[in-house]
Amino acid sequence: MTDQNTNSAEFAEFEELSAGHAVRALSATEEQRFTELRAAHPEWEATARADATVAARLGEAVLPVEPPAAIRAQLLAQIAGSLQTTSQADDARADDIQTGGAASAAAPFSADAAAAPEEAHRRRSRRGRLFALAASLVLLAGIALGTVALTQYLTRPAAVVALDEVRAAPDAQSASVDAAGVAATAYWSAEKQKAVLVAEDLQPLSAQQSYELWFVREGVPISAGVFEVESGTTTALLDGDMHSGDVIAVTVEVAGGSPTGQPTSDPVIAIPTA
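Everything numeric here is computed off the predicted structure, so don't read it as measured data.

A. The arrangement of the nonpolar core in detail. Formed by 20 residues in total, the largest nonpolar core has its most connected members in Leu 197, Leu 213, Phe 227, Leu 238 and Ile 269. Among the elements of the structure, strand S2 (182–189), strand S3 (194–200), strand S4 (209–217), strand S5 (220–227), strand S7 (247–254) and strand S8 (269–272) are those that each provide at least two residues to this core. Here this core gets four residues from one element, more than from any other, and that element is S2. Those residues in contact with Leu 197, other than ones at most four positions away along the chain, are Ala 184, Thr 185, Leu 213, Phe 227, Thr 234, Thr 235, Ala 236, Leu 238, Val 250 and Ile 271. Phe 14, Leu 26, Phe 34 and Trp 44 belong to the second largest nonpolar core, which has seven residues in total.

As structure tokens, this is what we get:
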């Protein structure tokens, strides 16, 4: 009976240590004890492997992203409060067993019998809390990832938003040219009343110059605003209404656009839409 109780107590201890090892929550002393029990009881290896698998799957659930400070602090505070409350409850149950009074003194075997399942309950409780903590940290990373993705979506440039709208329109059209190593595509939709230029590898200009967009309508240029070059892909929304058959053009002007309202240089990009 004594050997059986000892093995049962040791296995309960091993379960607790195995869970802590899986989520890297053990102290150096606890880690040493886990290693000793693992070596002494190879029949318990399945438990350690199962715990490691669960912890690994939790870690792979989301990408590692730093969560917002306020959300992280709030959730960790709740976790800490839960751990403290459960620990206090465990201590209270332990006190009840140790101070069983005359009944315990008269029947020491009964007290031991009561203490054994209580100790097992305490260990299972802590084991569960360790995995709950790991799951909560994964949840934090998931919240952070979702927050980052949502923030990026909501702060997209107006030109990118317009491009998505135009491409999704049922009457969306496009035309492309390749001019001096610059691949440029115009997207437009009469339903959305928008036109967007997308250019690859457009060269940056000096601070004294700007790229200016134009609708060229029956040979007459109409300014559609200026834009700045971005690294790689540049997306620019044209100001004003596009008419059927317009040519979408780009010229190099003084900073802020042509002061006369007319192009002062030859187009570096010209995309016929008819």
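Once the structure has been displayed, the description carries forward.
B. Seen up close, the packing of aromatic side chains. Tallied over the entire structure, the rule returns four aromatic pairs. Measuring from ring centre to ring centre gives 5.4 Å for Phe 14 and Phe 34, while their planes differ by 15°; the resulting arrangement is stacked. On the criterion of sequence distance, the pair formed by Phe 14 in helix H1 (residues 2–22) and Phe 34 in helix H2 (residues 28–40) is long-range, its members being 20 residues apart. Per residue, the accessibility class of Phe 14 equals that of Phe 34, and both read buried. Taken together, the aromatic side chains of Phe 11, Phe 14, Phe 34 and Trp 44 make up a single cluster linked through ring pairs. In this structure, Arg 167 packs its charged tip against the face of Tyr 187, placed 4.7 Å from the ring centre.

C. Spatial organisation of the pattern of salt bridges. Within the structure shown, the criterion is met by seven salt bridges. Notably, a salt bridge pairs Glu 36 with Arg 33, separated by 3.9 Å at the nearest N-O pair. Taken as a pair, Glu 36 and Arg 33 lie in helix H2 at a separation of three residues, close to a single helical turn. We classify Glu 36 as partly exposed; its relative accessible area is 42%. For Arg 33, a relative accessible area of 27% puts it in the partly exposed group. Across the salt bridge formed by Glu 45 and Arg 38, the nearest N and O atoms sit 2.6 Å from each other.

D. Region of interest: the pairing of S3. Summarising burial for S3: five of the seven residues are buried, a large majority. Here S2 folds back onto S3, and the loop between the two strands holds four residues, one of which, Gln 193, carries a positive phi near 55°. Bridging between S3 and strand S6 (residues 233–237) involves five bridges; their strand directions are antiparallel. Residue Ala 199 lies in a different strand from S6, and its bridge partner there is Thr 234.

Cut-offs and rules
- Residues numbered from 1 in each chain as written.
- Predicted model: local features only at pLDDT ≥ 70, side-chain atom pairs only at ≥ 80, totals over all residues.
- Heavy atoms only, no water.
- Core = buried A, V, L, I, M, F, W, Y, C linked by side-chain atoms within 4.5 Å.
- Buried < 20%, exposed > 50% of the residue type's maximum accessible area, 1.4 Å probe, protein only.
- Helix = DSSP H or I, 4+ residues; strand = E, 2+ residues; numbered from the N terminus.
- Contact = heavy atoms within 4.5 Å.
- Phe/Tyr/Trp six-rings, centres within 6.5 Å; stacked < 30°, edge-to-face > 60°.
- Lys NZ or Arg CZ within 6 Å of the ring centre and 35° of its normal.
- Salt bridge = Lys/Arg side-chain N within 4 Å of Asp/Glu carboxyl O.
- Pairing = 2+ DSSP bridges.

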